[in-house]
Every structure is written in C-alpha cells, then in structure tokens.
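Geometric and topological summary
Take a look at the letters that make up each chain.
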Amino acid sequence: MSNTEKGGLHRVRNFLSCRQVLNLLTMLGFMLNYALRVNLTIAIVDMVRPNVTSAGNATLTGNGTAVNSTASPDGVDVYEERFPWDTYQTNFVLGCFFWGYILTELPGGRLAELIGGRRVFGHSMLWASLLTLITPLAAHINYVVLIVVRVVLGFMLGASWPAIHPVAAVWIPPMERSKFMSNMMASSLGAAITMPICGYLISVAGWASVFYLTGAVGLLWSLAWFTFVYETPATHPRISAEERREIEDAIGTTTSKKRPSHVPWAQLLCSPAVWAIIICHGLAVFGFFTVVNQLPTFMSKILHFDIKKNGLFSSLPYLGKYVMAVASSYLADYLRKKGTLSTTATRKLFTTFALVIPGLLMIVQVFLGYDATWSVTIFSLALFAHGAVTAGYLGNGLDIAPNFGGTIFGLANTLSSFGGFLSTWMVGALTYKDESFHSWQIVFWILAATYISGAVVFAILGSGELQSWNNPPERVRISDVTQEEGVPLKNEK
C-alpha cells in the first residue's frame, strides 16, 4: 500500500470509527425495521375499496376489485386498484404479521449468539426488504398470497430485535452499551418520519409506492450493512489497532471469544435477574401497546378528537420518546463511567423513572382525561418518560450475561409480544357494552398498576452484576462449533 493510500485510510478512520459506523447503521436499521413493519398499516386505508356510499370515483373492474382515482397535490389523478376486503379481512391482514414475528424472537437471539448478530440482523432486514417489494404483487395475485408474504415478513423481522444484543456484546464496551441500546428506540423516530412520508407518497403515486420506497431503501441499507459491518473487531479489515485494542481490553473476558455451544437453561431460568427483565419487559410493553394502539380509539369515541389527523400530535410522542432514550442513555453511561452509580443502581433508577412516571400519569388521566388537551399532554409525557427504558432494563441482559443477551431478550420479547393482543382484548372487554369515560377510567387504573408493578419487580429482582453462568463449560469440542477467527492483534512499538 502506498503512503498516499495509507494516508487516505487514516483520514477515513479519523472521520468515523468502526463503532460509529455500527451505531449509525444500527440506528438507521431500526428506523427501517419499523417502516417495513407498519407500511401496510398506513397504506391499507387506500388499498381497500371504499363503501358504496362513499365510493366517489371508484369503478369496478372485471375481477371484483376497484380502480379508484384520487387527486394528488399537484392536481393529477392517481389511478390505483383497490380490493373488496371487509373489516374482518382487513384486520386479518394487519394481524397476521405477528404469527411469524413471535416464532423467531427466541430462535433469532440464540442463532445470533452462535453464528453472529451481523448475519442474523442483516439477513433479517435484507429478506424483509425483498418481501416488502413484492407486497403489491402479492396483493394483486390473491388475498391469501398477501397473508403468506406478511407472515414470512414477520418471521424475518422477529429475529432482528434480539440479534442486536450479540452485536453489542462483541463490539461495544460495557460502559457504552446504554448509548448503543438507545439505537433500538430509533424505531420511534422511524414512526415519526414514516407516517407523514408514506401519507404524502400515497397521495402522489398511490399506495404501492409505499412498499417500493421502503423496500428499496431497505435493500440499500442491507448493502451498506454487509459492506461496512463485521462480526467482531478481530475480523474487521479496516479497524485501527487502537480502536480494536480499546474494545477488546474493555470487554475482556465478559464475552467469550469462542461462542458457547449451549445455553445453561436451568441456571438462566432460575435466575431472578433474568425474570426481572422478562416480567418488567412484559408489563412495560403491555402498557406501551395499550397507550399507542388504544389512544386513538379513546380520543375518537370519548373525546371526539381525531388524533390521527393531527400530524403534530401523531409524531410528537414518538420524537419525544427517542430524545429521552438517547439523553437518558448518555446520562446512564456517564454516571457509570464516573463511578457515581453502580450498574445495578443505574438500571434500577432509570427503569423506575421510565415506568413509575407513566404509571403516575395514568392516575392523573383518570381524573383529567375527559379533556382532550390534558389527554394528549399526559399520553405524550408518558411516552416521553418511557424512552428511558434504554438506560434501564432494555440492555440489562448484556450486563448480567453478555454471552446470552440475545437469548434473554428473545425470551422476554416473545412473551411480551402477547401484550398487544392482551391489551386489545382488555380494552374491548371493558368497553364492549359501555363506551363511557367511566369504562376507560378502569383501563387507566389497570395501566397505572401495570407500569408501577413492572418497576417494583425490577427494583426487587433486578441486577447489573455479571452472572456466574455466563461462561458455562463446553459440552462439545470447540472445533465442532463454527467460529469466525480474526487476525491476532500485533503489539505496536
């Protein structure tokens, strides 16, 4: 390599370190993860044939679908095919995503521990992007084909969330992991950006454009991910000796260079620290799903206020949540680095803040929720405070067992995925015969108890200490397990 080439490489390294590139692509990855997941939720309003009384310019085609023309902002009509799905079929299409999503949470986390998080996270997003691109074709072919595509899409994306934990275990020093985990909350940032962009695209180019854009951007992201991200610092061809030594010295022996070939299930499932994460995550996600999914229903039916039509009210809570996630994570890592708080105290403090504040706000909602302004303010503040979970329990699996962080989060996320179904059932059961504010007050009391219970459980059972079962003895010869070795780091004089 010439001196000029060496100088150029040195300038690139000074501009962005390998960890900074990883952080940037992880953040963009979770933004796209959300976009690939909810693009159908946004587009389906324009995919379904309107009722006869409101069909407007819709005309039937020979196969039972409808061709609808909508005026774009520039006055040009956009003609697109619509489908004769009833309410049940529409909800079925939206819900079938979770069938596949739940199946790969735990296997995805474990697979990432065995073969590397880069491969699992990257392939999860790559295949999800390809499936997104063929979604319009699937919808035109047959309703059942669309169902299959959405189930497989969920199957792919289910593995992405737990897969990022093994990436952090080998790439991110322990005292920087809160900041890295805040990248997962970029999904909230994706929500704030995806909704208005997709809405505009539909008005300009029709509903199919939503899938083409998100799928194409996903493919570009996948290309960048596989080009610039590597499984470990030891296998990265462009990493500097200084950065690699800093990472490896900081991580030390907490993360095994030889990936454990088996999970110590008995010890893991008997660990109070693991159950603190599982229970806390389940209760927190239940509260979050209820607030996000049921808030529009409450605002519409009780307060007669359509929050979805107000872009500021729709995006503000998601933006606030991401800002809190980043700010609290930086503060948590700062307090740990300075020795002001131990890891255990830090995780408990921020988990308590992230869950008790929303719990108390739900109690306030019981008494002031009859006013639209108060309701929007309270729910926005609740989601804002909830963002602090990234500095709390969300990355706690990497504290107690970095070798099995993917398995722990996969287990927690599998169980918490039922929270969406449970919250919908709960609200439906409580408001089915009585859609009054009194019925919703019961919902808010349950949410308050749920949030605060999660904080209490973690405060009692949670821990930030490395567990003894993190490095179990091998049951098989290490040569039998696929490993990815890097070039030994040479000492520089």
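Placed above this text is the structure.
The structure reproduced in this document is the subject of the present report. It should be emphasised that the depicted structure is a prediction, and the values quoted were computed from it without experimental measurement. (Residues numbered from 1 in each chain as written. Predicted model: local features only at pLDDT ≥ 70, side-chain atom pairs only at ≥ 80, totals over all residues. Heavy atoms only, no water.)

The next subject is the side chain of Arg-82. Among the secondary structure elements, Arg-82 is positioned in strand β3 (residues 77-82). Separated by 2.9 Å, the side chain of Arg-82 and the backbone oxygen of Asp-46 make a polar contact. (Helix = DSSP H or I, 4+ residues; strand = E, 2+ residues; numbered from the N terminus. Polar contact = N/O pair within 3.5 Å; in protein donor to acceptor, adjacent residues only side chain to side chain.)

What follows concerns the packing of helix α15 (residues 272-301) against helix α20 (residues 405-416). At a minimum axis separation of 8 Å, α15 and α20 run at an interaxial angle of 40°. One way to sum up the angle between α15 and α20 is to call them oblique. For the pair α15 and α20, the crossing hand works out as right-handed. Only Ile-408, Phe-409, Leu-411, Ala-412, Asn-413, Leu-415 and Ser-416 of α20 make contact with α15, whose side of the interface consists of Val-274, Ile-277, Ile-278, His-281, Gly-282, Val-285 and Phe-289. Considered class by class, the residues forming the contact of α15 with α20 number 10 nonpolar, 4 polar and no charged. (Axes fitted to C-alpha atoms, helices over the stretch in contact; angles between N-to-C directions. Parallel < 35°, antiparallel > 145°, perpendicular 65-115°, else oblique. Left-handed = near helix turned anticlockwise from the far one by under 90°. Contact = heavy atoms within 4.5 Å. Nonpolar A, V, L, I, M, F, W, Y, C, P; charged D, E, K, R; others polar.)

Those residues of helix α5 (residues 105-115) not exposed but buried are Glu-105, Gly-108, Gly-109, Arg-110, Ala-112 and Glu-113. Of the surrounding elements, those touching the buried residues of α5 are α4 (97-103), α6 (117-133), α8 (143-158), α9 (160-171) and α20. (Buried < 20%, exposed > 50% of the residue type's maximum accessible area, 1.4 Å probe, protein only.)

Our next topic: empty space enclosed by the protein. Inspection of the entire model under this criterion finds 2 cavities of 30 Å³ or more. Space inside the largest cavity adds up to approximately 40 Å³. Lining the largest cavity are Thr-290, Val-291, Gln-294, Leu-295, Phe-379, Trp-440, Val-443, Phe-444 and Leu-447. Elements with a minimum of two residues in the lining of the largest cavity: α15 and α22 (437-461). In terms of residue count, α20 provides more of the lining of the second largest cavity than any other element does, 3 residues in total. The residue inventory of the lining of the second largest cavity, partitioned by class, reads 4 nonpolar, 3 polar and no charged. (1 Å grid on protein atoms, 1.4 Å probe; cavity = no way out; pocket = protein on both sides within 12 Å on 5 of 7 lines; lining within 4 Å. Points joined across faces, edges and corners; volume = space filled by probe spheres on them.)

We now examine the packing of aromatic side chains. Taken as a whole and assessed by the stated rule, the structure comprises 22 aromatic pairs. Ring geometry for Trp-207 against Phe-211: centres 6.2 Å apart, planes inclined by 85°, an arrangement best described as edge-to-face. The burial state of Trp-207 is the same as that of Phe-211; both residues are buried. Put simply, the rings of Phe-298, Tyr-370, Phe-379, Phe-437, Trp-440 and Phe-444 touch in pairs and so form one group of aromatic residues. Positioned over the ring face of Tyr-101 is Arg-37, at 5.0 Å from the centre of the ring. Stacked on the ring of Tyr-330, the Lys or Arg Lys-179 has its end atom at 5.3 Å from the ring centre. (Phe/Tyr/Trp six-rings, centres within 6.5 Å; stacked < 30°, edge-to-face > 60°. Lys NZ or Arg CZ within 6 Å of the ring centre and 35° of its normal.)

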